[in-house]
Number of protein chains: 2
Amino acid sequence: MELLKERICQDGKMREGNILKVDSFLNHQMDITMLQEIGKEFHRRFANDNVTKILTIESSGIGIAVIAAQYFGNIPVVFAKKTKSKNLDGDLYLSKVKSFTKGIEYDIQVSKRYVTEDDTVLLIDDFLAKGQALRGLIDIVNQSGAKLAGCGIVIEKGFQDGGKLLREQGVRVESLAIVDGIEEGNIIFRED
Amino acid sequence: MELLKERICQDGKMREGNILKVDSFLNHQMDITMLQEIGKEFHRRFANDNVTKILTIESSGIGIAVIAAQYFGNIPVVFAKKTKSKNLDGDLYLSKVKSFTKGIEYDIQVSKRYVTEDDTVLLIDDFLAKGQALRGLIDIVNQSGAKLAGCGIVIEKGFQDGGKLLREQGVRVESLAIVDGIEEGNIIFRED
């Protein structure tokens with residue numbers, strides 16, 4: 001997605017430890033017009049998959065997923081929670097996830113009421129690096145018996161193997177920008 | 001907001017400890033059409049306040065804020081983070097918040113780059129009970145020197161004193177539904 005790549009070049013910053021910072025428009029401050037373009041692009045790629053529900057994970061995925069849902073006819077969005085909350089009760093799907101950015105392991109949780117075998121689920125998240133969060137979400141979709149349409153990712157870190165491994169396992173992963181690395185201060189994107 | 005009150009009566013559930021569960025449409029699964037109506041109503045109430053930025057807090061506020069921003073001409077949304085993240089660096093505004101639902105205290109964080117004295121800020125959140133999260137966000141707005149337009153809340157628990165105390169201090173709090181309590185299993189809303 002050219003508009004996104006231009007924005008990453010313009011406003012993204014690489015930090016030590018392979019952290020790509022896009023907090024000016026994607027995951028701390030959010031540029032709504034950019035999120036709309038991202039949502040349209042996800043819809044373009046998954047328009048024929050009869051998606052009934054978008055599943056994401058708190059927190060950075062939520063804004064992206066909610067805007068995208070509008071282009072899928074306002075289908076519901078469910079976000080997996082990372083901590084126990086009094087707002088969640090009843091039967092839950094649980095899956096263990098290791099966080100690359102925070103260096104911890106935690107259970108993600110989704111109420112069984114909101115993802116069922118009648119659903120076709122699109123997973124959406126801001127980043128794909130080692131793919132731990134996405135694996136947790138896929139595990140939950142599998143537990144539910146729902147159909148997995150695929151994964152819509154805004155930025156994939158192509159120099160880590162999460163996306164590669166998932167694709168090898170037959171999961172459809174659509175990343176709007178794949179960053180393969182940096183050369184002389186320039187971000188190198190994989191060709192579409 | 002009648003549509004919202006009807007939905008709360010239809011799908012909301014009261015649990016022990018004054019927990020009002022609206023996870024079927026607001027803070028776990030999100031009904032996008034309802035979020036759009038909520039966003040339009042926030043805009044109707046704050047249309048003349050020259051709001052330049054919406055500030056919310058992860059996680060449940062994000063979806064509401066992002067959809068609402070569309071009715072304010074796609075102004076940027078910033079969400080305060082509750083945990084240290086490698087995605088945040090540089091100068092941060094910090095404020096201490098006590099969580100009612102989780103029984104813990106934590107620092108909320110906003111990058112100084114994204115809220116400045118040039119901004120007029122609308123705070124948006126899903127719930128207002130004791131008002132701790134909102135106080136933290138107001139503290140951050142005050143630290144930044146930005147102007148505070150007010151607070152847009154989806155559901156206020158009128159039987160707790162957060163909203164009352166904030167209004168007494170001159171903060172404009174617009175709650176789309178104020179729940180005063182339960183009588184014989186029915187949710188009692190405050191009159192508009």
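In the block above lies the structure referred to throughout.
Residues numbered from 1 in each chain as written. Chains lettered and ligands numbered in written order. Predicted model: local features only at pLDDT ≥ 70, side-chain atom pairs only at ≥ 80, totals over all residues. Heavy atoms only, no water.

*Asks:* Before we move on, can you summarise the interface of chain B and chain A with the specific residues and values?
*Replies:* Accessible area lost during the coming together of the parts is what is often quoted as the interface size. Between chain B and chain A, the residue contacts involve 45 residues of the former and 45 residues of the latter. Where chain B meets chain A, there are two salt bridges. Two residues, B:Asp23 and A:Arg113, come together in a salt bridge whose shortest N-O distance is 3.6 Å. For the side of chain B that touches chain A, the elements supplying multiple residues, two or more each, are β2 (19-21), β3 (29-30), α2 (32-46), α3 (60-69), β5 (77-80) and β7 (105-111) of chain B. Considering each element in turn, the side of chain B that touches chain A owes the most residues, six residues, to α3(B). (Contact = heavy atoms within 4.5 Å. Salt bridge = Lys/Arg side-chain N within 4 Å of Asp/Glu carboxyl O. Helix = DSSP H or I, 4+ residues; strand = E, 2+ residues; numbered from the N terminus.)

*Asks:* Explain the relation of the copies chain B and chain A to me, using residue names and the numbers behind them.
*Replies:* Each copy of the chain is related to the other by a rotation around an axis and a translation along that axis. Of the transformation placing chain B onto chain A, the axial shift is 0.0 Å and the rotation is 180°, giving an RMSD of 0.0 Å. Accordingly, the operation relating the two chain copies is best matched by a two-fold axis. Both copies contact each other with a shared surface, as 100% of the interface residues of chain B are interface residues in chain A too. (Least-squares fit on C-alpha atoms with pLDDT ≥ 70 in both.)

*Asks:* Describe the pairing of strand β4 (residues 53-57) of chain B, and please don't skip the residues or the numbers.
*Replies:* Residues and elements named next belong to chain B. Among the five residues in β4, five count as buried, and that is most of the element. Residue alternation in β4 divides its side chains into two sets, Lys 53, Leu 55 and Ile 57 and Ile 54 and Thr 56, and both sets are buried. In terms of strand pairing, β4 meets strand β8 (residues 120-128) through three bridges, oriented parallel. In the strand pairing of β8, Leu 55 is matched with Leu 123. (Buried < 20%, exposed > 50% of the residue type's maximum accessible area, 1.4 Å probe, protein only. Pairing = 2+ DSSP bridges.)

*Asks:* Run through helix α2 (residues 32-46) of chain A, naming residues and quoting values.
*Replies:* Because each turn of an α-helix spans 3.6 residues, side chains separated by three or four positions in sequence point in the same direction. Taking 1.5 Å per residue as the helical rise, α2(A) with its 15 residues ought to reach 21 Å, and the 21 Å between its terminal C-alpha atoms agrees with that figure. Among the residues of α2(A), the N-terminal cap falls to A:Asp31, whose side-chain oxygen and the backbone nitrogen of A:Thr33 are separated by 3.0 Å. (Expected span 1.5 Å × (residues − 1). Polar contact = N/O pair within 3.5 Å; in protein donor to acceptor, adjacent residues only side chain to side chain.)

*Asks:* Could you give an account of the sheet that holds β8(B), with specific residues and numbers?
*Replies:* Overall, mixed pairing links the seven strands, which are arranged β3(A)-β5(B)-β4(B)-β8(B)-β9(B)-β10(B)-β11(B) in an open sheet. Two strands close off the open sheet at either side, each with one partner strand: β3 (29-30) of chain A together with β11 (186-189) of chain B. Of the pairings in the sheet, the one linking β3(A) to β5(B) comprises two bridges and is antiparallel in character. Of the residues in β5(B), the one forming a bridge with A:Met30 is B:Val77. Here helix α4 (residues 132-144) of chain B sits on the sheet and contacts β4, β5, β8 and β9 (147-157) of chain B; the angle it forms with β8(B), its principal contact strand, is near 170°. (Axes fitted to C-alpha atoms, helices over the stretch in contact; angles between N-to-C directions.)

*Asks:* An account of the pattern of salt bridges is needed here, citing residue identities and associated values.
*Replies:* Pairing between side chains becomes possible if they bear opposite charge and their charged atoms approach one another. Taken as a whole and assessed by the stated rule, the structure comprises 32 salt bridges over all chains. The closest approach of N and O atoms between A:Glu174 and A:Arg45, which form a salt bridge, is 2.8 Å. Highlighted residues: A:Glu174 in strand β10 (residues 173-183) and A:Arg45 in helix α2, separated in sequence by 129 residues. Each member of the pair A:Glu174 and A:Arg45 is classed as buried. Linking B:Glu174 and B:Arg172 is a salt bridge whose minimum nitrogen-to-oxygen distance equals 3.2 Å. Salt bridges linked by common partners bring A:Glu41, A:Arg44, A:Arg45, A:Asp49, A:Arg172 and A:Glu174 together as one network.

*Asks:* Give a detailed account of the packing of helix α1 (residues 2-11) of chain B against α2(B), specifying residues and quantitative values.
*Replies:* Residue and element names in this part refer to chain B. At a closest axis distance of 10 Å, the pairing of α1 and α2 adopts a crossing angle of 140°. Relative to α2, α1 is oriented oblique. Here α1 runs over α2; the crossing is left-handed. Taken together, the residues of α2 that come into contact with α1 (itself represented by Leu 3, Leu 4 and Arg 7) are Met 34, Glu 37 and Ile 38. The residue makeup of the contact of α1 with α2, split by class, is four nonpolar, no polar and two charged. (Parallel < 35°, antiparallel > 145°, perpendicular 65-115°, else oblique. Left-handed = near helix turned anticlockwise from the far one by under 90°. Nonpolar A, V, L, I, M, F, W, Y, C, P; charged D, E, K, R; others polar.)

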